[in-house]
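# Coordinates in review
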Amino acid sequence: MKPSVLLFDLVKSLSEEEKQNFQKSASLQQGEKNYLKLFRYLGSVNEYNEEAVKQHFKHETFARHLASEKNQLLHHILKSLRLSRVQTKMSANTFDRTKDVHVLFAKGLIKLAQKEVDEIRQLTIDNELCYSHLKLIEVELRFINSLPVSDEKKAHRLSELFNEKEECLKKISVLNTYEKLFKEVEYYFNQNILVHDRSKKHLLESYLNNPFLSDLSKANTTRAKLLATYSRLICFRIINENTKLGIEINNAIELYRKYPHLKVEYPKLFINLQGFSARYMAINADLKKAKLIIDNLRFMRNDKCFDTVDLQNTIFTRLAVYDLTYHNYSGQFEKSLDLAVDIEERLEANKDRIPGYEQTTINFLMFAAHFAKGAYNRALKCINEIVNADFEESRQDLYRYAKICNLIIHYELGNTEYLNYSYKSAVRFFKTIDYPFEYELAFLKHFKNFALSKKQSDNPKLYLKEFKTNLQEIFKDPYQMMAVEYFDLIAWVDSKLNDTPYDQEIRNTRANQQ
């Protein structure tokens, strides 16, 4: 991607507040500011076109050195964002103030420097900013000989600083261990929401048995405690142990409540925690509480703590997933469809900024809503978005389920000739998978009988009944339950057996669960 396009993307990524801050900082400079003209123009267009830019500024003198003005614009935007970050992010603020301490010591203003040191140290301790604390210690060590105290006091202070440094390094080492564990668990979760079988369960149990996750007393900072709790939460979500999941959700909520700085340092985890909590309430038949949690997330869009483009996209994707899941799970598919147009537009506009696994999930949930209301062509469009994407970057369990749902849609559409080709393609695909779900294999076996058989004597409903019996046995295994939560395969089979709409079967199922 060309630098000019990247600059355009940067301008378009700015929030309204960031734009205002940038223009305020620019107004403090004297003289003509051509880069500001370029900024306003880029903000007014929907896509970057180099020739259009030159044409727009053809009567301006700076058009002859446009590349220089672009560099100026980039420099001033980044400077404005840095200043804004210093004001809003405690870690950035303390790093910046530590530089001031260095300047004060260098100018011999020892008392003023020491006053700043004491304030910054307290901030780093209160907010567990270990790296900032280390930086402050380095500055103090460099200028310790400048202190107007006796050699004995300097030696005592030196010992204190080295003890502080050792304690900081211990905390950083432990935190790095928890960050590594969390990233490994999170990566697995983003690819596969549930384990496929007991062998994969052992993988997750090995994480839970890791000394750092089994014994939370090793977490010597609240950040480490949050990452440990969150790692355990995800593991219990993946292996579908809902009672333990509920305990860890409550533990994480309590940590965020008790230590407000965690929301600033780990905002994405805070956003995602709302989803874990809402889902937990929904599967435990408390749909009202689930709805309240989702609505609370909606209000978070206006919280300054989450005003960056990245976090706003996270809130958008999470809201899309939670809203669609809530409406689909409760059988209110028409409400999902009311949201579909806006979700599709925002998904397309931010496609390069939204992770592939999030796009997979959203498209699958929209497929389920369209399918339930009989809009099979719209449902097929959503499925095609999934299966035409990169498998490695997708949520792989839903990508695979989409292969199955693709066959179901064409079956509903009566595309008999295409079904034969598509079925063979699906069989080839699943042969490349080394850990298939049991329900995937059962579907491929039974679908051939009730959908593709050419024998006139064959009764599809007999095969469907056999398929349902097989699925009911398979779904006694909690590791196969994804096929119920995202698209209820048994409800679809029932709709064929009972000649009833799929959405009615879903509502009947949920009513029986109350």
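Higher on the page you've got the structure.
Residues numbered from 1 in each chain as written. Predicted model: local features only at pLDDT ≥ 70, side-chain atom pairs only at ≥ 80, totals over all residues. Heavy atoms only, no water.

### Re the overall build of the protein
Assigned secondary structure in the protein consists of 27 helices and 0 strands. In terms of overall dimensions, the protein has C-alpha extents of about 100 × 70 × 40 Å along its principal axes. Put simply, the protein has 514 residues, and 49% of those count as buried. Sequence separation of 24 or more characterises 67% of the internal contacts of the protein that already satisfy a separation of 6 or more. Carbon and sulfur atoms form 51% of the exposed surface of the protein, whose accessible area is close to 26,200 Å². Taken as two groups, the 76 positive and 69 negative side-chain charges of the protein have centres that lie 1 Å from each other. (Helix = DSSP H or I, 4+ residues; strand = E, 2+ residues; numbered from the N terminus. Buried < 20%, exposed > 50% of the residue type's maximum accessible area, 1.4 Å probe, protein only. Contact = heavy atoms within 4.5 Å. Areas by Shrake-Rupley, 256 points an atom, 1.4 Å probe, with all protein chains shown as cover. Lys, Arg positive; Asp, Glu negative; His and termini not counted. Charge placed at Lys NZ, Arg CZ, Asp CG, Glu CD.)

### A few points about the state of the cysteines
Applying the stated criterion to the full structure yields 0 disulfides. Cys-405 supplies the cysteine sulfur nearest to Cys-382, a cysteine that is in no disulfide, at a spacing of 11 Å. The exposure class of Cys-382 is buried, given its relative accessible area of 3%. Look at Cys-405 and you get buried, because its relative accessible area is 0%. (Disulfide = S-S within 2.5 Å.)

### A closer look at unusual backbone geometry
The backbone of Glu-128 sits at a positive phi, close to 55°, despite the residue not being glycine. Positive phi, close to 55°, is recorded for Asp-499, a residue that is not glycine. You can see Asp-499 is positioned in the loop between helix 26 (489–498) and helix 27 (502–513). A relative accessible area of 59% places Asp-499 in the exposed class.

### Regarding a positive patch on the surface
Together, Lys-424, Arg-428, Lys-448 and Lys-454 give the surface a local cluster of positive charge. Position of Lys-424 among the secondary structure elements: in helix 22 (residues 416–431). (Patch = residues over 30% accessible without salt bridge, like charges linked within 9 Å, V, L, I, M, F, W, Y side chains within 5 Å. Salt bridge = Lys/Arg side-chain N within 4 Å of Asp/Glu carboxyl O.)

### A look at the packing of helix 21 (residues 396–413) against helix 23 (residues 438–451)
For the pair helix 21 and helix 23, the least separation of the axes is 11 Å and the interaxial angle reads 15°. Classed by the angle they form, the pair helix 21 and helix 23 counts as roughly parallel. Judged by the twist between their axes, the crossing of helix 21 over helix 23 is left-handed. Residues Arg-400, Tyr-401, Ile-404, Leu-407, Ile-408 and Tyr-411 of helix 21 form the contact with helix 23, whose participating residues are Tyr-439, Glu-440, Phe-443, Leu-444, Phe-447, Phe-450 and Ala-451. (Axes fitted to C-alpha atoms, helices over the stretch in contact; angles between N-to-C directions. Parallel < 35°, antiparallel > 145°, perpendicular 65-115°, else oblique. Left-handed = near helix turned anticlockwise from the far one by under 90°.)

### Some points on the packing of aromatic side chains
Applying the stated rule across the entire model yields 36 aromatic pairs. With 4.9 Å between their ring centres and 65° between their planes, Phe-391 and Tyr-399 make a pair best called edge-to-face. Each member of the pair, Phe-391 as well as Tyr-399, is classed as buried. An aromatic cluster is built from Phe-333, Phe-364, Phe-367, Phe-371, Tyr-376, Tyr-401, Phe-437, Tyr-439, Phe-475, Phe-487 and Tyr-502, whose rings are joined through pairwise contacts. (Phe/Tyr/Trp six-rings, centres within 6.5 Å; stacked < 30°, edge-to-face > 60°.)

### Considerations on the packing of helix 23 against helix 24 (residues 460–474)
Where helix 23 meets helix 24, the closest approach of the two axes is 9 Å, and the angle between their N-to-C directions is 175°. The angle between helix 23 and helix 24 falls in the class roughly antiparallel. In contact with Glu-438, Tyr-439, Ala-442, Phe-443, His-446, Asn-449 and Phe-450 of helix 23, helix 24 contributes Pro-460, Tyr-463, Leu-464, Glu-466, Phe-467, Asn-470, Leu-471 and Ile-474.

### Details of the pattern of salt bridges
Counted according to the given criterion, the structure contains 33 salt bridges. In this structure, Arg-223 and Glu-265 form a salt bridge, with 3.8 Å as the shortest nitrogen-oxygen distance. With Arg-223 in helix 12 (residues 222–238) and Glu-265 in helix 14 (residues 261–265), the pair connects residues that are 42 residues apart, well separated along the chain. The exposure classification of Arg-223 matches that of Glu-265, with both residues buried. In this structure, Arg-378 engages Glu-344 in a salt bridge whose closest nitrogen and oxygen atoms are separated by 3.1 Å. Of the two residues, Arg-378 sits in helix 20 (residues 376–387) while Glu-344 sits in helix 18 (residues 333–349), which places them 34 residues apart along the sequence. Ionic contacts of the salt-bridge type, sharing partners, join the residues Arg-121, Glu-140, Arg-157, Glu-160 and Glu-164 into one network.

### Focus: the environment of Ile-354
Its place among the elements puts Ile-354 in the loop between helix 18 and helix 19 (356–372). Distance in space between the C-alpha atoms of Ile-354 and Asn-313 is 7.1 Å, their sequence separation being 41 residues. When residues no more than four places from it in sequence are discounted, the contact partners of Ile-354 are Phe-316, Thr-317, Leu-347 and Gln-359.

### Points about helix 12
Between its terminal C-alpha atoms helix 12 stretches 24 Å, which fits the 24 Å expected from 17 residues at 1.5 Å a residue. With 16 of 17 residues buried, helix 12 is to be regarded as a mostly interior element. Asn-240 lies just past helix 12 and shows a positive phi near 65°. (Expected span 1.5 Å × (residues − 1).)

### A look at the nonpolar core
One finds Phe-364, Phe-367 and Phe-487 to be the most contacted residues of the largest nonpolar core, which totals 116 residues. Of the residues forming this core, the biggest block, 10 residues, is contributed by helix 12. Ignoring any residue separated from it by four or fewer positions in sequence, one finds Phe-364 in contact with Ile-386, Leu-398, Tyr-401, Ala-402, Cys-405, Tyr-486 and Phe-487. The next biggest cluster of nonpolar side chains, apart from the first, holds 21 residues, and it includes Leu-36, Tyr-41, Leu-42 and Phe-57. (Core = buried A, V, L, I, M, F, W, Y, C linked by side-chain atoms within 4.5 Å.)

### Comments concerning the side chain of Thr-94
Following the sequence through the fold, Thr-94 ends up in helix 6 (residues 90–106). The buried category is assigned to Thr-94, whose relative accessible area is 0%. The contacts of Thr-94, once residues within four sequence positions are left out, are Ile-120, Leu-123, Thr-124, Leu-129 and Ser-132.

Geometry only, nothing functional implied.
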